[in-house]
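# Close look at the chain arrangement
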Amino acid sequence: MIAPPFTPAELEAETERLFKALMHADCTPGRSWNYQACQGFAPLTLEINRLKKEKNAVILTHSYVEPEIIYGVGDFKGDSYFLSLKARESKAKIILFAGVVFMAETAKILSPEATVIVPDRGSGCSLADSISGDGVRSLKKLYPDATVVCYINSTADVKAESDVCVTSGNVYDIVANLPSRRILFVPDRLMAENVRAELKHRGVDKEIISSDGTCIVHDEFDVASITAARARFPGLKVVAHPECTPEVAAAADFVGSTGAMMKYVKNTIAPYFLMLTECGLVGRLQVETPEKNFIGGCRLCPYMKLNSLEKVRDALLAPRPDQIVTLDEDLRRRAARCIDRMFELAPKD
Ligand code: 13P
Ligand code: SF4
């Protein structure tokens with residue numbers, strides 16, 4: 001492929017912009033965001049940003065993808081809830097979702113007129129891949145009176161079988177306020193356990209039945225490492241995602257969505273933070289709050305890490321069929337109902 005003609009001055013200015021944004025990032029073992037690395041990113045970020053304008057494309061970036069994507073070419077960055085709102089509002093012809101496939105599917109459900117593309121079709125999710133629409137239908141037969149709640153980390157066919165969708169940021173409030181007592185929660189067993197504990201704490205009586213998925217990143221954190229870290233780093237604040245086990249959640253100082261975790265760290269004064277989540281979120285915090293200390297201990301999501309600037313560029317330039325998200329229209333409409341219900345029920349802040 002012929003290199004796009006950027007002048008030395010354009011390349012230098014872009015390198016400076018990237019270095020200024022990324023110099024504090026240190027979130028993925030074996031990678032760095034020094035000046036030389038930024039020189040390497042610059043031709044790609046310039047090309048991608050030019051392609052976005054030419055093609056009327058918008059790039060949504062989840063906080064777990066690498067920082068050169070988020071800060072180099074992303075138009076919006078955040079958690080699943082924020083990004084689904086942005087997908088719904090978008091008027092762009094093309095939405096490129098740098099995240100995982102279920103997020104891009106959600107964007108397609110909410111913005112059916114747009115061409116929605118993913119950099120890597122292999123970017124699955126252990127939760128979304130743990131149950132299909134058929135699996136939900138079988139569970140519904142066993143519990144016909146239950147309200148079916150699906151975590152947004154699920155496929156479009158699971159959403160189409162569900163009554164209401166939730167994200168890590170609104171799951172407790174939405175489930176607490178549902179009229180029915182019996183809830184069938186898919187696909188995250190650990191989040192279901194955390195919801196059970198939180199509703200008990202709030203004095204809300206619900207029976208929560210769940211399927212058996214877990215997040216391969218968050219289910220690995222354990223209480224022993226929290227205890228060891230607290231002994232080593234006095235004043236440490238432990239911040240966890242609700243996909244962690246209830247034991248880990250109980251041992252943490254704060255539990256919330258990736259968006260809420262970021263807000264908590266930004267608003268909390270502490271000598272050290274332990275982030276029990278994917279390392280990309282630590283990267284965002286290193287970039288946006290370079291004065292804070294993170295003691296490591298985060299984990300990598302192999303699916304999120306399949307995103308790269310090269311794949312973003314190639315998908316924008318000429319998407320392969322496997323990079324374009326397509327959905328059957330009847331299924332899309334049914335899935336949209338359950339996400340719309342979430343927008344109706346989610347607390348407005
Ligand atoms: P958030 O919605 O909190 O960003 O979570 C998405 C996710 O995949 C967590 O593992
Ligand atoms: Fe799925 Fe876990 Fe990766 Fe999030 S971190 S995308 S839940 S596998």
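For the structure itself, look to the data block above.
Every value quoted in this text rests on a predicted model; they were computed, and no experiment measured them.

The rules behind the values
Residues numbered from 1 in each chain as written. Chains lettered and ligands numbered in written order. Predicted model: local features only at pLDDT ≥ 70, side-chain atom pairs only at ≥ 80, totals over all residues. Heavy atoms only, no water. Buried < 20%, exposed > 50% of the residue type's maximum accessible area, 1.4 Å probe, protein only. Helix = DSSP H or I, 4+ residues; strand = E, 2+ residues; numbered from the N terminus. Pairing = 2+ DSSP bridges. Near = heavy atom within 4 Å. Polar contact = N/O pair within 3.5 Å; in protein donor to acceptor, adjacent residues only side chain to side chain. Areas by Shrake-Rupley, 256 points an atom, 1.4 Å probe, with all protein chains shown as cover. 1 Å grid on protein atoms, 1.4 Å probe; cavity = no way out; pocket = protein on both sides within 12 Å on 5 of 7 lines; lining within 4 Å. Sits in = over half its atoms within 2 Å of the grid points. Nonpolar A, V, L, I, M, F, W, Y, C, P; charged D, E, K, R; others polar. Disulfide = S-S within 2.5 Å.

## A word on the pairing of strand E11 (residues 273-276)
Put simply, side chains in a regular strand alternate between the two faces of the sheet. Of the two faces of E11, the one lined by Phe 273 and Met 275 and the one lined by Leu 274 and Leu 276 are each fully buried. Both strand E9 (residues 237-240) and E11 contribute to a ladder of 4 bridges, which runs parallel. Bridge pairing links Val 239 to Met 275 in E11.

## Some remarks on the site of ligand 1
Close to ligand 1 lie His 62, Tyr 64, Asp 79, Ser 80, Tyr 151, Asn 153, Ser 168, His 218, His 241, Glu 243, Ser 257 and Thr 258, which account for all nearby residues. Note that an oxygen atom of ligand 1 is positioned 2.8 Å from one of the side-chain N or O atoms of Ser 80. The contact in question runs from an oxygen atom of ligand 1 to an N or O atom on the side chain of Asn 153, over 3.2 Å. Coverage of ligand 1 by the protein chains reaches 96% of its 310 Å² of free accessible surface. Here ligand 1 is seated within the largest cavity. Considering only residue class, the shell around ligand 1 consists of 2 nonpolar, 8 polar and 2 charged.

## Quick notes on the site of ligand 2
Around ligand 2, the structure places Tyr 64, Cys 125, Ser 126, Leu 127, Asn 153, Cys 215, Val 217, Glu 243, Cys 301, Tyr 303 and Met 304. Mapping ligand 2 onto the cavity grids shows that it belongs to the largest cavity. Its residues placed into classes, the shell around ligand 2 shows 8 nonpolar, 2 polar and 1 charged.

## Looking at the state of the cysteines
For the structure shown, the criterion picks out 1 disulfide. Take Cys 27: it sits in no disulfide, and the sulfur closest to it among the cysteines is that of Cys 279, at 7.2 Å.

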